[in-house]
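# Summary of the model geometry
Okay, here's what each chain looks like letter by letter:
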Amino acid sequence: QKEVEQNSGPLSVPEGAIASLNCTYSDRGSQSFFWYRQYSGKSPELIMFIYSNGDKEDGRFTAQLNKASQYVSLLIRDSQPSDSATYLCAVKEDKIIFGKGTRLHILP
Amino acid sequence: DGGITQSPKYLFRKEGQNVTLSCEQNLNHDAMYWYRQDPGQGLRLIYYSQIVNDFQKGDIAEGYSVSREKKESFPLTVTSAQKNPTAFYLCASSIAGSGRREPSSYNEQFFGPGTRLTVL
């Protein structure tokens, strides 16, 4: 059974600090990795995708991928209250599998 | 103005009743998906379609049915056989579907606003 694991949280981070969200996956054949942000009552919104080992930066967001450790993370720098949401990790091998998400709460 | 639309936003179903959720996209995407999300849970795949007139069961297809007669439309019917249908239903689309094992931006899924179904 292919799995994508995330800590459900809530993860509380002070405003202006770095939020670090982690995700592990079970299938070594996975090739594509995605991070979605979902506000309460809304649909998921794609914020980052990464395919290669290493870091990928986009504004305040950095995705980190380590295929050897089967680990992908999302860093949010200078956290803002508007970043408070659930973050879903998704991993694709033959189909996309979503984790259950981590609730992030930015403390003003 | 491209995107994915779902209707209705809220839907109430009586016991024993079939209901159909609409999903339309004008992104010219080949692949479309239906997910179910329960409170505190991740997304569970119900059905997906990689091309017109073809669709595949996902992880929780029992009690649901779909059709894909047009590229832009992928309606989901929740039948009376689905014993616990109260949930948030999300439709998504991507340029290409599953089966492309190599990394590709074609795999990125974009979601509609969702339909919240409640059984009375």
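Residues numbered from 1 in each chain as written. Chains lettered and ligands numbered in written order. Predicted model: local features only at pLDDT ≥ 70, side-chain atom pairs only at ≥ 80, totals over all residues. Heavy atoms only, no water.

Now for the interface of chain B and chain A. With 25 residues of chain B at the interface, the matching set in chain A holds 21 residues. Here chain B packs against chain A, burying approximately 1900 Å² in sum over the two surfaces, 53% of which is carbon and sulfur. At the boundary of chain B and chain A, one finds 0 salt bridges. Summed over the shared surface of chain B and chain A, the result is 4 residue pairs in polar contact (both at pLDDT 80 or more). Counting residues per element, the ones that place at least two in the side of chain B that touches chain A are β4 (31-37), β5 (43-51), β9 (87-94) and β10 (110-111) of chain B. For the side of chain B that touches chain A, the residue count by class is 9 nonpolar, 10 polar and 6 charged. (Contact = heavy atoms within 4.5 Å. Buried area = accessible area lost by both parts, 1.4 Å probe. Salt bridge = Lys/Arg side-chain N within 4 Å of Asp/Glu carboxyl O. Polar contact = N/O pair within 3.5 Å; in protein donor to acceptor, adjacent residues only side chain to side chain. Helix = DSSP H or I, 4+ residues; strand = E, 2+ residues; numbered from the N terminus. Nonpolar A, V, L, I, M, F, W, Y, C, P; charged D, E, K, R; others polar.)

Residues and elements named next belong to chain B. As enumerated under the stated definition, the model contains 6 salt bridges over all chains in all. The salt bridge partner of lysine 71 is aspartate 30, with a shortest N-O separation of 3.3 Å. Separated by 41 residues along the polypeptide, lysine 71 in the loop between β7 (64-66) and β8 (76-78) and aspartate 30 in the loop between β3 (19-25) and β4 bring together distant segments of the chain. Overall, lysine 71 belongs to the partly exposed group, its relative accessible area being 27%. Given the relative accessible area of 35%, aspartate 30 is considered partly exposed. A network of salt bridges, in which partner residues are shared, links Arg36, Asp38 and Arg44. (Buried < 20%, exposed > 50% of the residue type's maximum accessible area, 1.4 Å probe, protein only.)

Here we come to the packing of aromatic side chains. Throughout the structure, instances matching the rule amount to 11 aromatic pairs over all chains. On the basis of an interplanar angle of 20° and a centroid distance of 6.4 Å, the ring pair of tyrosine 33 of chain B and tyrosine 48 of chain B is categorised as stacked. In this pair, tyrosine 33 of chain B is assigned in strand β4 and tyrosine 48 of chain B in strand β5, connecting sequence segments 15 residues apart. Note on tyrosine 48 of chain B: relative accessible area 14%, which makes it buried. Residues tyrosine 47 of chain B and phenylalanine 55 of chain B carry aromatic rings whose centres are separated by 5.9 Å and whose planes lie at 80° to one another, so their mutual orientation is edge-to-face. You can call phenylalanine 55 of chain B partly exposed: its relative accessible area is 35%. Members of the aromatic cluster, connected to one another through ring pairs, are Tyr36 and Phe98 of chain A together with Tyr33, Tyr35, Tyr48 and Phe111 of chain B. Looking at lysine 56 of chain A, its charged tip hangs above the ring of phenylalanine 49 of chain A, at a distance of 3.4 Å from the centre. The ring centre of phenylalanine 74 of chain B lies 6.0 Å from the NZ or CZ of arginine 68 of chain B, which sits over that ring. (Phe/Tyr/Trp six-rings, centres within 6.5 Å; stacked < 30°, edge-to-face > 60°. Lys NZ or Arg CZ within 6 Å of the ring centre and 35° of its normal.)

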